[in-house]
Amino acid sequence: MRRGRGELEAASVRVRVRADTSSSLLGLGSSWRRTRPSGRNSAQSRRTHEGQSAMSWGTELWDQFDNLDKHTQWGIDFLDRYAKFVKERLEIEQNYAKQLRNLVKKYCPKRSKDEEPRFTSCLSFYGILNELNDYAGQREVVAEEMGHKVYGTLMKYSQDLKAERKHHLQEGRKAQQYLDHCWKQMDSSKKKFERECKEAEKSQITYERLDNDINATKSEVEKAKAQYYLRTHMADESKNEYAAQLQNFNAEQWKHFNNSIPHIFKNLQDMDQRRTVKLGETYRNFAEAERRVIPIISKCLEGMVSAAKAVDERRDSGIVVESFKSGFDPPGDFPFEDFSQNLSRTGSDGAISNTPKGERDGAPGPRPDPKHTMSKTKNKLWLFGKKPKAPSVEDYSHLPPEQRRKKLQQKIDELSSKLQIEMDQRDALNKMKDVYEKTPPMGDPNSLQPKISETICNMEKLRSEIHKYEGWLSEVEGKQASKDRRHSADNHHPTPQGRESPEGSYTEDTSQEHHTSHPHSSRPQPGQPSTDPHEFDDEFDDDDPLPVIGHCKALYSFDGQNEGTLVMAEDEVLYIIEEDKGDGWTRARKQSGEEGYVPTTYVEITMEKNCKGAVTYI
């Protein structure tokens, strides 16, 4: 019995030692839970160095997971907000450019060729509009650059940041969950160890009570003793399990706070720093998009200044004269019409009379017709009033001489350009025909003959039109030259008043002419042609033959059915007396002396060098 008591006391001592050990282990576990491992202080002391150093989130913010989560979310939201700002800015640029283009389109409408402005002020204004249109294009370039290099980059980078942030935070949460799992295992083993120790203490008390009880049977004592040993063994196993779990948790906790969390937080820090750098780059690109177009915008502004300097008031005044000059001479003085010739004179011969001297000295002329005089007066006064609108005719005879000359010249130029197109088309068809003749597999040369015939027909029509308009132009220029000669002669021999009409022709007011210049001559009879010293100036022609300026050889035969053309046979040699002036006809002379026009494309021309006296008629 005494030996049993000694064993019981030894067992109780061992239980107390184990309890003290468990309590010390529990205290150690709580200390690891409340504070970081002691290795953190040594690591922090190693990372602390003199001067300014980079701050690491993994070491300095090891316990600020939630705050870093909020901060990284704020950074992405700020980036999205800046992207929205850039989007609104480029929309402003786009709308500005669109409004500028609409403004240019509004004040620079499409005009026909005849309505093109010629005044320097108008040309300068339209030049400014063109420069403004280019300026609007540069604003569009700014918007495009901002949209591509800033807004598009920001949106793509924002998506990448969100995905990267989500990945890092998921890794942090997984590490935290794993550490929590280790903590739960360690806590469960600790609670089990504590529970087994309490059960062992209860079995010890029961065993001691039965061992000291005299009435207790031996079997009861042995049973309590066995139970006590069993509980003691289970407490030992729980202690070992708890110690292993605690050691494992401490190791995982050290790994969590020294490896996993610093690595994750470092990735988050790098991500945030890259976001900051990207913002700086987009700020710079935002400014570069504007600065890159400044040279071109400066050129646009310089173009506007140059357009402003190009305004020439004298040139504009000359254009007004050129545009509205009629070519008419100002109307002459109205003749005096004496309505008192048939009145009986009651005064003396020496009485003062208002009759002009020419009429008192000579025989009185016939009384002019008031209606005829008024009609002439109305015809003269239209220059100072509203010009009557005449119907448009083919020869532009309804226009004043100067304007008619311009219109005819424009028409001739237009027909000449069309003729040149037809000639080019004919040459191209002939070349194609030659190619087909040399290489039959490429095509049938006869298939091009209808098109060639049609082109030649169009050329003949255009030449006829050009010849017709040139005749009208020669008529206008001849009249203008004749009028200039008459005007020069009138400076030495003034024409009687009322003789010349606003159209530049002579009137039939012969009463004043005969009354003043030829008082004894009679009025010309109706139907008798009036003689004019300048009437045949336009028809004056020199009978001397034109000089030879070259020779030509006929490549094809030409029948010369039209008037003014010359018949020629193939390989016939002719003399050139007038070059082609652009209408496709060359004036030639046969050896027999016969002259006429031949198609330029039908002959091979050789011009004489240093030839003099070549004449080209317009």
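Quick caveat: nothing in here was measured; it's all calculated off a predicted structure.

1. Let's talk about the overall build of the chain
Next, step 1: Across its full length, the chain holds 13 helices and 5 strands.
Next, step 2: Looking at the chain as a whole, 32% of its 618 residues qualify as buried.
Next, step 3: In the chain, once contacts between residues fewer than 6 apart in sequence are set aside, the share between residues at least 24 apart is 73%.
Next, step 4: For the chain, the computed accessible surface area is about 40,600 Å², with 53% contributed by carbon and sulfur atoms.

2. Side note on the pattern of salt bridges
Next, step 1: Tallied over the full model, the rule gives 33 salt bridges.
Next, step 2: Arginine 118 is the salt-bridge partner of glutamate 322, the closest N and O atoms lying 3.9 Å from each other. Here the residue glutamate 322 occupies a position in helix α8 (residues 313-324), and arginine 118 occupies one in the loop between α4 (65-107) and α5 (120-212), the gap between them amounting to 204 residues.
Next, step 3: Residue glutamate 322 is classed as partly exposed on the basis of its relative accessible area of 39%.

3. As for the pairing of strand β4 (residues 595-599)
Next, step 1: Bridge analysis of strand β3 (residues 585-589) against β4 gives 5 bridges, and the strand direction is antiparallel. Considered in β4, the bridge of tryptophan 585 is made with proline 599.

4. Quick word on a nonpolar patch on the surface
Next, step 1: There is a patch of nonpolar side chains on the surface, built from Trp74, Phe78 and Tyr283 and spanning about 310 Å² of accessible area.
Next, step 2: With respect to the element layout, phenylalanine 78 can be found in helix α4.
Next, step 3: Taking the relative accessible area as the measure of exposure, phenylalanine 78 reaches 31% and is therefore partly exposed.

5. Looking at the environment of lysine 266
Next, step 1: Tracing the backbone shows lysine 266 in helix α6 (residues 218-291).
Next, step 2: Looking at lysine 266, the relative accessible area reads 44%, which means it is partly exposed.
Next, step 3: Remark: the alpha-carbon pair of lysine 266 and glycine 58, spanning 208 residues in sequence, is separated by 5.7 Å.

6. What about the sheet that holds β3?
Next, step 1: Judged by pairing direction, the sheet is antiparallel, and its 5 strands sit side by side in the order β4-β3-β2-β1-β5 without closing on themselves. On the outer flanks of this sheet lie β4 and β5 (603-607), each paired with one strand and no other. Between one strand axis and the next, the sheet turns through 40° on average, direction left out of account.

7. A closer look at the packing of α4 against α6
Next, step 1: Across the interface, α4 lies against α6 with an axial gap of 11 Å and an inter-helix angle of 15°. In terms of axis orientation, α4 runs roughly parallel to α6. Crossing angle aside, the handedness with which α4 passes α6 is left-handed.
Next, step 2: In terms of residue class, the contact of α4 with α6 is built from 15 nonpolar, 4 polar and 5 charged.

8. Points about the side chain of serine 203
Next, step 1: Take serine 203: it is sitting in helix α5.
Next, step 2: Take serine 203: its relative accessible area is 8%, and that puts it in the buried class.
Next, step 3: In this structure the side chain of serine 203 is engaged in a polar contact, spanning 2.8 Å, whose partner is the backbone oxygen of alanine 200.

9. Topic: the nonpolar core
Next, step 1: Residues Tyr82, Val86, Met146, Leu154 and Phe265 are the most contacted members of the largest nonpolar core, which totals 36 residues.
Next, step 2: Going through the elements one at a time, α4, α5, α6 and α7 (294-309) are the ones with two or more residues in this core.
Next, step 3: At 13 residues, the largest contribution of residues to this core is made by α5.
Next, step 4: Once you skip the residues sitting within four places of it in the chain, tyrosine 82 turns out to touch Val150, Leu154, Leu279, Thr282, Tyr283 and Phe286.
Next, step 5: Ranked by size, the runner-up nonpolar core spans 13 residues in total, among them Tyr396, Ile412, Met459 and Ile466.

10. Structural notes on the packing of aromatic side chains
Next, step 1: Taken as a whole and judged by the stated rule, the model has 16 aromatic pairs.
Next, step 2: Ring geometry for phenylalanine 125 versus tyrosine 126: centroids 5.7 Å apart, planes at 55°, classification tilted.
Next, step 3: For tyrosine 126, a relative accessible area of 13% translates into the label buried.

11. With respect to α8
Next, step 1: With 12 residues, α8 extends 17 Å from end C-alpha to end C-alpha; this agrees with the ideal 16 Å at 1.5 Å per step.
Next, step 2: Where α8 is concerned, the buried positions are Asp316, Ile319 and Ser323. End-on, the buried residues of α8 take up no more than an arc of 55°, which puts them together on one face. Exposed residues pointing more than 90 degrees away from the buried face of α8 are listed as Arg314 and Val321.
Next, step 3: Where the residues of α8 are buried, they touch α5 and α11 (401-438).
Next, step 4: The backbone nitrogen of arginine 314 has a side-chain oxygen 3.1 Å away, supplied by the residue at the start of α8, namely aspartate 312.

12. Side note on α6
Next, step 1: Look at α6: 106 Å from first C-alpha to last across 74 residues, which is about the 110 Å you get at 1.5 Å a residue.
Next, step 2: Of all the bends found along α6, the most pronounced is centred on histidine 256 and spans about 45°.

13. Some remarks on unusual backbone geometry
Next, step 1: The phi angle at aspartate 571 is positive, at roughly 70°, despite the residue not being glycine.
Next, step 2: Given a relative accessible area of 48%, aspartate 571 falls into the partly exposed group.

14. Quick look at the pairing of strand β1 (residues 550-554)
Next, step 1: The two faces of β1 differ: Gly550, Cys552 and Ala554 on one face are buried, but His551 and Lys553 on the other face are not.
Next, step 2: Where β1 and strand β2 (residues 573-578) come together, 4 bridges link them in antiparallel fashion. Residue pairing for β2: cysteine 552 is matched across the bridge by leucine 574.
Next, step 3: Bridge analysis of β1 against β5 gives 5 bridges, and the strand direction is antiparallel. The residue of β5 that forms the bridge with cysteine 552 is isoleucine 605.

15. Side note on the environment of asparagine 458
Next, step 1: For asparagine 458, the location among the structural elements is in helix α12 (residues 449-492).
Next, step 2: Spatially, the C-alpha atom of asparagine 458 lies 8.1 Å from that of leucine 419, the residues being 39 residues apart in sequence.

16. Looking at the environment of lysine 418
Next, step 1: Here lysine 418 is to be found in helix α11.
Next, step 2: The partly exposed category is assigned to lysine 418, whose relative accessible area is 39%.
Next, step 3: With 44 residues separating them along the chain, lysine 418 and leucine 462 place their C-alpha atoms 7.7 Å apart.

17. Let's talk about the confidence of the model for the chain
Next, step 1: Confidence in the prediction for the chain averages 76 pLDDT; 70% of positions are at 70 or higher.
Next, step 2: The low-confidence segment residues 492-543, where pLDDT is below 50, has 63 contacts with residues more than four positions distant or belonging to other chains.

Rules of the game
- Residues numbered from 1 in each chain as written.
- Predicted model: local features only at pLDDT ≥ 70, side-chain atom pairs only at ≥ 80, totals over all residues.
- Heavy atoms only, no water.
- Helix = DSSP H or I, 4+ residues; strand = E, 2+ residues; numbered from the N terminus.
- Buried < 20%, exposed > 50% of the residue type's maximum accessible area, 1.4 Å probe, protein only.
- Contact = heavy atoms within 4.5 Å.
- Areas by Shrake-Rupley, 256 points an atom, 1.4 Å probe, with all protein chains shown as cover.
- Salt bridge = Lys/Arg side-chain N within 4 Å of Asp/Glu carboxyl O.
- Pairing = 2+ DSSP bridges.
- Patch = residues over 30% accessible without salt bridge, like charges linked within 9 Å, V, L, I, M, F, W, Y side chains within 5 Å.
- Axes fitted to C-alpha atoms, helices over the stretch in contact; angles between N-to-C directions.
- Parallel < 35°, antiparallel > 145°, perpendicular 65-115°, else oblique.
- Left-handed = near helix turned anticlockwise from the far one by under 90°.
- Nonpolar A, V, L, I, M, F, W, Y, C, P; charged D, E, K, R; others polar.
- Polar contact = N/O pair within 3.5 Å; in protein donor to acceptor, adjacent residues only side chain to side chain.
- Core = buried A, V, L, I, M, F, W, Y, C linked by side-chain atoms within 4.5 Å.
- Phe/Tyr/Trp six-rings, centres within 6.5 Å; stacked < 30°, edge-to-face > 60°.
- Expected span 1.5 Å × (residues − 1).
- Arc of directions from axis to C-beta.
- Bend = angle between axes of the 7 residues up to and from the residue.
- pLDDT = per-residue confidence, 0-100.

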